[in-house]
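A structural walkthrough
The primary structure of each chain is shown beneath.
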Amino acid sequence: MKFKIVTPEKILLETEADSVTLPTQMGEITVLPHHIPLVANLAAGEASYKHAGKQEFFAISGGVLEVKKDSELVILADTAEAGHEIDLKEAEAARDAAKQLMTQASEPKAVAEAAAAFGRHVARIKVAHKHRTKTHQHIQS
């Protein structure tokens, strides 16, 4: 099926996929060719796609997915990063800062925003680790 990821800044990916696994607000789903038409809200988390026996991972912060009737899946993401794009040290520092904000915030809205940021950065770290493991790059934490 045709698979495309678009962010406000760029087209991150445009490829063919045998399957795509995504985090939605209702839980994780896997989309296969000839899936019924669907529109769903994405949640922040780890996503992946498979094509020709290879699996690629990316981190997504939310957005909307649309499965079209002609075996086409389009993701309109708030932000998305492929595993090779993620700076692991920066993601870990951002995660730690979000965790600290969660413990120091006094207003419920500030706590919720920090918790959401923490979740996004944890997903980025997982995707970075999976990419480095898959490509056998050395990981320093």
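Data block above holds the structure.
These remarks concern the structure in this document. These figures come from a predicted structure and were not determined experimentally. (Residues numbered from 1 in each chain as written. Predicted model: local features only at pLDDT ≥ 70, side-chain atom pairs only at ≥ 80, totals over all residues. Heavy atoms only, no water.)

**Structural notes on the overall build of the protein chain**
Operational definition: In this text, helices come from DSSP runs of H or I with a minimum length of four residues, and strands from runs of E with a minimum of two, each type numbered from the N-terminal end. Between the two quantities, the radius of gyration covers C-alpha atoms and the globule rule is 2.2 Å times the number of residues to the power 0.38. To sort residues, take the accessible area from a 1.4 Å probe on protein chains only and compare it with the maximum for the residue type: under 20% means buried, over 50% means exposed, and anything in between is partly exposed. Any two residues having at least one pair of non-hydrogen atoms within 4.5 Å are treated as being in contact. We count Lys and Arg on the positive side and Asp and Glu on the negative side, and we leave His and both chain ends out. One atom stands in for each charge, and that atom is NZ of Lys, CZ of Arg, CG of Asp or CD of Glu.
Of regular secondary structure, the protein chain possesses two helices and 10 strands. For the protein chain, the succession of helices and strands along the chain, N to C, is β-β-β-β-β-β-β-β-β-β-α-α. For the protein chain, the C-alpha radius of gyration of 16 Å lies close to 14 Å, the compact-globule estimate for 141 residues. Each of the 141 residues in the protein chain was classed as buried or not, and the buried ones make up 38%. Across the protein chain, every contact between residues at least 6 apart in sequence was considered, and the portion connecting residues at least 24 apart equals 51%. Where the 17 positive side-chain charges of the protein chain centre and where its 19 negative ones centre are 3 Å apart.

**Description of the nonpolar core**
Just so we agree on the cut-off: Here, nonpolar core refers to any group of buried Ala, Val, Leu, Ile, Met, Phe, Trp, Tyr and Cys residues whose side-chain atoms link them within 4.5 Å.
Judged by nonpolar contacts, the single largest core of 21 residues is most densely connected at Phe3, Ile5, Leu22, Phe58 and Ile75. Where this core is concerned, the elements lending two or more residues are strand E1 (2-6), strand E2 (11-16), strand E3 (19-24), strand E5 (38-42), strand E6 (45-51), strand E7 (54-60), strand E8 (63-68) and strand E9 (72-77). In terms of residue count, E9 provides more of this core than any other element does, three residues in total. In this structure, Ile5 is in contact with Lys10, Ile11, Leu12, Leu13, Phe58, Ile75, Ala77 and Ala80, ignoring residues within four places of it in sequence. One finds Ile86, Leu88, Ala91 and Ile125 within the second-largest nonpolar core, a separate group that totals eight residues.

**Details of the environment of Pro37**
Position of Pro37 among the secondary structure elements: in the loop between strand E4 (27-31) and E5. With a relative accessible area of 54%, Pro37 lands in the exposed category. Sequence spacing of Pro37 and Gly119 is 82 residues, and the spatial spacing of their C-alpha atoms is 29 Å. Excluding residues within four positions of it along the chain, Pro37 makes contact with Val67 and Lys69.

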